[in-house]
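Each chain is listed here by its residues.
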Amino acid sequence: MRIEGNGALVAGGASGLGEATARRLHAAGAHVVIADLNEERGRALASDLGERATFVVTDVTDEAAVRAAVDAATAQPVTLRIAACCAGIGGSAARVAGKGGPHALEPFETVIRVNLIGTFNVLRLAAAVMLTTEPTESGERGVCVNTASIAAFDGQIGQIAYSASKSAIVGMTLPAARDLASVGVRVCAIAPGTFNTPLLAALPADSREALGQAVPFPSRLGRPEEFAALVAHIVENEMLNGEVIRLDGALRMPPR
């Protein structure tokens with residue numbers, strides 16, 4: 001799938017991995033719709049990118065809001081072929097049960113709703129539009145890339161909600177790819193390790209340094225641009241489908 005001259009929707013595109021993805025796709029010639037709750041950052045990014053960039057205020061858990069973002073992408077003078085969902089939250093650390101009692105249900109539900117249901121919401125609505133488009137010469141109509149995490153495989157103590165949400169994104173990948181294979185829409189997911197994103201920026205510098213040193217090689221935090229480069233490769237490599245790719249420098253997280 002060519003990036004240049006096609007439309008791309010990037011959910012959670014105002015910062016972090018999503019911002020890097022929006023920038024990479026735009027630099028490669030895509031018409032990019034940035035969908036995010038952060039209006040200030042989103043509008044600033046669209047303004048910075050200039051022509052071929054649009055921002056839409058979007059709560060990924062809201063059907064009408066995601067439909068509006070997809071509509072904005074289809075209103076462009078090009079075909080919507082690419083959807084990348086980078087929206088998500090970390091949630092607070094909590095064990096299943098402890099001295100204070102059981103894990104509170106509401107925060108668990110919130111993480112699942114944003115990370116899992118939000119991702120599915122973007123996937124289903126973007127794919128529904130892609131399957132109505134004219135296919136390329138090879139029969140391809142679109143590519144959807146979702147964001148999982150190595151926590152899906154190496155969930156740590158206190159990560160029950162986050163790990164569950166990301167594991168479910170991993171679990172969706174193959175059946176979604178199979179569901180959409182007959183109409184030429186591919187689905188992949190990336191499971192990043194520890195990346196230098198706003199989520200980690202709140203940590204003290206020595207804590208970030210320690211996280212980076214725990215990565216076997218390269219011994220540093222991942223760069224959002226490296227995530228974006230993999231998104232671009234997935235889009236352009238037609239054989240990548242139904243796959244979850246770890247992007248973690250060989251890191252395997254310990255229990256704590």
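Below is a summary of the structure that appears in this document. (Residues numbered from 1 in each chain as written. Predicted model: local features only at pLDDT ≥ 70, side-chain atom pairs only at ≥ 80, totals over all residues. Heavy atoms only, no water.)

**Concerning the overall build of the chain**
Within the chain, the regular secondary structure consists of 9 helices and 9 strands. Whereas a compact globule of 256 residues would reach a radius of gyration of roughly 18 Å, the chain reaches 18 Å, a difference of no more than 12%. For the chain, the spread of C-alpha atoms along the principal axes amounts to about 55 × 35 × 35 Å. For the chain, long-range pairs separated by at least 24 residues make up 69% of all intrachain contacts whose partners lie at least 6 apart in sequence. (Helix = DSSP H or I, 4+ residues; strand = E, 2+ residues; numbered from the N terminus. Rg over C-alpha atoms; globule rule 2.2 N^0.38 Å. Contact = heavy atoms within 4.5 Å.)

**So, the side chain of Gln156**
Within the fold, Gln156 resides in the loop between helix 5 (151–154) and helix 6 (160–181). Looking at Gln156, the relative accessible area reads 18%, which means it is buried. Looking at Gln156, its side chain comes within polar contact range of the main-chain oxygen of Pro254, at 3.0 Å. Of the polar contacts made by the side chain of Gln156, one reaches the backbone oxygen of Arg256; its length is 3.0 Å. Those residues in contact with Gln156 that lie beyond four places of it in its chain are Met253, Pro254, Pro255 and Arg256. (Buried < 20%, exposed > 50% of the residue type's maximum accessible area, 1.4 Å probe, protein only. Polar contact = N/O pair within 3.5 Å; in protein donor to acceptor, adjacent residues only side chain to side chain.)

**Comments concerning helix 4 (residues 105–130)**
With 26 residues, helix 4 extends 36 Å from end C-alpha to end C-alpha; this agrees with the ideal 38 Å at 1.5 Å per step. Of all the bends in helix 4, the greatest, near 35°, is centred on Arg113. (Expected span 1.5 Å × (residues − 1). Bend = angle between axes of the 7 residues up to and from the residue.)

**Section: the pattern of salt bridges**
Inspection of the entire model under this criterion finds 13 salt bridges. Put simply, Glu140 and Arg186 hold a salt bridge, and the shortest N to O gap is 2.6 Å. Residue Glu140 is found in the loop between helix 4 and strand 7 (142–147), and its partner Arg186 is found in strand 8 (residues 185–192); the two are separated by 46 residues along the sequence. With relative accessibility at 4%, the residue Glu140 sits in the buried group. Judged by relative accessible area, Arg186 falls into the buried class, the value being 4%. Two residues, Asp248 and Arg252, come together in a salt bridge whose shortest N-O distance is 3.2 Å. What you see here is one network of salt bridges that share partners, running through Glu19, Arg23, Arg41 and Asp48. (Salt bridge = Lys/Arg side-chain N within 4 Å of Asp/Glu carboxyl O.)

**Concerning the environment of Val215**
Structurally, Val215 can be placed in the loop between helix 8 (205–213) and helix 9 (224–236). On the basis of relative accessibility, which here comes to 4%, the residue Val215 falls in the buried class. In this structure the C-alpha to C-alpha distance between Val215 and Ala250, which are 35 residues apart in sequence, comes to 6.8 Å. In this view, Val215 contacts Thr194, Arg220, Asp248, Gly249 and Leu251; residues no more than four positions away in its chain are not counted.

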